[in-house]
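# Report on the structure
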Amino acid sequence: FIPVDCTALSGHIFESQLFGHTKGSFTGAINDTLGFFRAANGGTIFLDEIGEIEIDLQAKLLRVLQESSVTPVGSTKPFPINVRVICATNRDLKQMVREGTFRADLYFRLNVIKIEIPPLKERTEDIAVLAEYFLQKQARLYREPSKALSQNAVEVLESYDWPGNVRQLANAMEYAYITSRSNIIDVTAL
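Nothing here was measured: the structure is a model prediction, and the numbers come from that model. (Residues numbered from 1 in each chain as written. Predicted model: local features only at pLDDT ≥ 70, side-chain atom pairs only at ≥ 80, totals over all residues. Heavy atoms only, no water.)

## Things to note about the nonpolar core
Ranked by internal contacts, the top residues of the largest apolar core, which has 25 residues, are Phe14, Leu18, Phe37, Leu47, Ile50 and Leu61. Of all the secondary-structure elements, those providing two or more residues to this core are strand E1 (2-5), helix H1 (11-19), strand E2 (44-48), helix H3 (55-67), helix H4 (93-99) and helix H5 (104-110). Ignoring anything within four residues of it in the chain, the contact list for Leu61 reads Phe14, Phe19, Phe37, Leu47, Ile50, Ile53 and Leu106. Judged by nonpolar contacts, the second largest core, of 17 residues, contains Phe134, Ala139, Leu149 and Leu169. (Core = buried A, V, L, I, M, F, W, Y, C linked by side-chain atoms within 4.5 Å. Buried < 20%, exposed > 50% of the residue type's maximum accessible area, 1.4 Å probe, protein only. Helix = DSSP H or I, 4+ residues; strand = E, 2+ residues; numbered from the N terminus. Contact = heavy atoms within 4.5 Å.)

## Structural notes on the pattern of salt bridges
With the rule as written, the count across this model stands at six salt bridges. Note that Arg91 and Glu52 form a salt bridge whose closest N and O atoms lie 3.0 Å from each other. In this pair, Arg91 sits in the loop between strand E5 (84-88) and H4 while Glu52 sits in the loop between E2 and H3, placing the two residues 39 residues apart along the sequence. (Salt bridge = Lys/Arg side-chain N within 4 Å of Asp/Glu carboxyl O.)

## Observations concerning the sheet that holds E5
Taken in spatial order, the three strands of this open sheet run E1-E2-E5, and their pairing is parallel. Looking along the sheet, the strands with just one partner apiece sit at the ends: E1 and E5. Pairwise comparison of adjacent strand axes, ignoring direction, gives a mean angle of 20 degrees for this sheet. Two elements, E1 and E2, share four bridges in a ladder whose sense is parallel. The partner of Val4 across the bridge, within E2, is Leu47. (Pairing = 2+ DSSP bridges. Axes fitted to C-alpha atoms, helices over the stretch in contact; angles between N-to-C directions.)

## Here's the deal with the packing of helix H6 (residues 124-142) against helix H8 (residues 165-179)
Each pair of packed helices can be described by the angle between their axes along with the distance between the axes. Interhelical geometry of H6 versus H8 gives an angle of 50 degrees and a closest axis separation of 9 Å. With respect to H8, the element H6 is oriented oblique. Pair H6 / H8 crosses with right-handed handedness. Judged by residue contacts, Ile127, Leu130, Ala131, Phe134, Leu135, Gln138, Ala139 and Tyr142 of H6 engage Val166, Leu169, Ala170, Met173, Glu174, Tyr177 and Ile178 from H8. When the residues that make up the contact of H6 with H8 are grouped by side-chain class, the tally is 13 nonpolar, one polar and one charged. (Parallel < 35°, antiparallel > 145°, perpendicular 65-115°, else oblique. Left-handed = near helix turned anticlockwise from the far one by under 90°. Nonpolar A, V, L, I, M, F, W, Y, C, P; charged D, E, K, R; others polar.)

## Some words on a nonpolar patch on the surface
Together, Val112, Ile113, Ile115 and Ile117 line one region of the surface with nonpolar side chains, adding up to about 520 Å² of accessible area. Tracing the sequence through the fold places Ile117 in the loop between H5 and H6. When its relative accessible area of 64% is taken as the criterion, Ile117 is described as exposed. (Patch = residues over 30% accessible without salt bridge, like charges linked within 9 Å, V, L, I, M, F, W, Y side chains within 5 Å. Areas by Shrake-Rupley, 256 points an atom, 1.4 Å probe, with all protein chains shown as cover.)

## Points about H8
Residues spaced three or four apart along an α-helix face the same direction, because each turn holds 3.6 residues. Look at H8: 21 Å from first C-alpha to last across 15 residues, which is about the 21 Å you get at 1.5 Å a residue. Restricting attention to buried positions, one finds in H8 the residues Leu169, Met173, Ala176 and Tyr177. Axial view of H8: buried residues confined to an arc of 100 degrees, hence all on one face. For H8, exposure combined with an orientation more than 90 degrees from the buried face picks out Arg167 and Asn171. Packed against the buried residues of H8 are H6, strand E6 (148-149), helix H7 (151-159) and strand E7 (184-185). (Expected span 1.5 Å × (residues − 1). Arc of directions from axis to C-beta.)

And the structure:
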């Protein structure tokens, strides 16, 4: 499983990171590299924030998906790959296709199985479960006993809109864990 943050990829970095490069193919290329696709061969590559890839680079990604092979930067030799591709975005890719900022052919190549996850404000039943998970994660990180939410704190969390979704909830739980002096986190720690 190879996760890739697409927001960090542009230009030659995009090609080098995804497809690899050969030694000497550009300044600073002191070794051959596999690239994310070859590293994921036989497994899964997760392209997070796929909607952030520049349109001129989308054609290169499309070719790799269609050909099931990659050619490292500085090489003419294609390498076959067998990878499962999972993508995520918070953008409306259909709208981006209409606006011309996302290639229609890439969209249809990627859109085999679509799973839409509604925003956290529409899934209030998940808030307490996720909050407890994040609190346990903090306890493991700090090697301390777990902390739990009071019923009042749960009610406040469930009534909030969460414009930042799950990431905002994770940050709120980290803050509450750190600032709470008790093993029971009450509304004041939120």
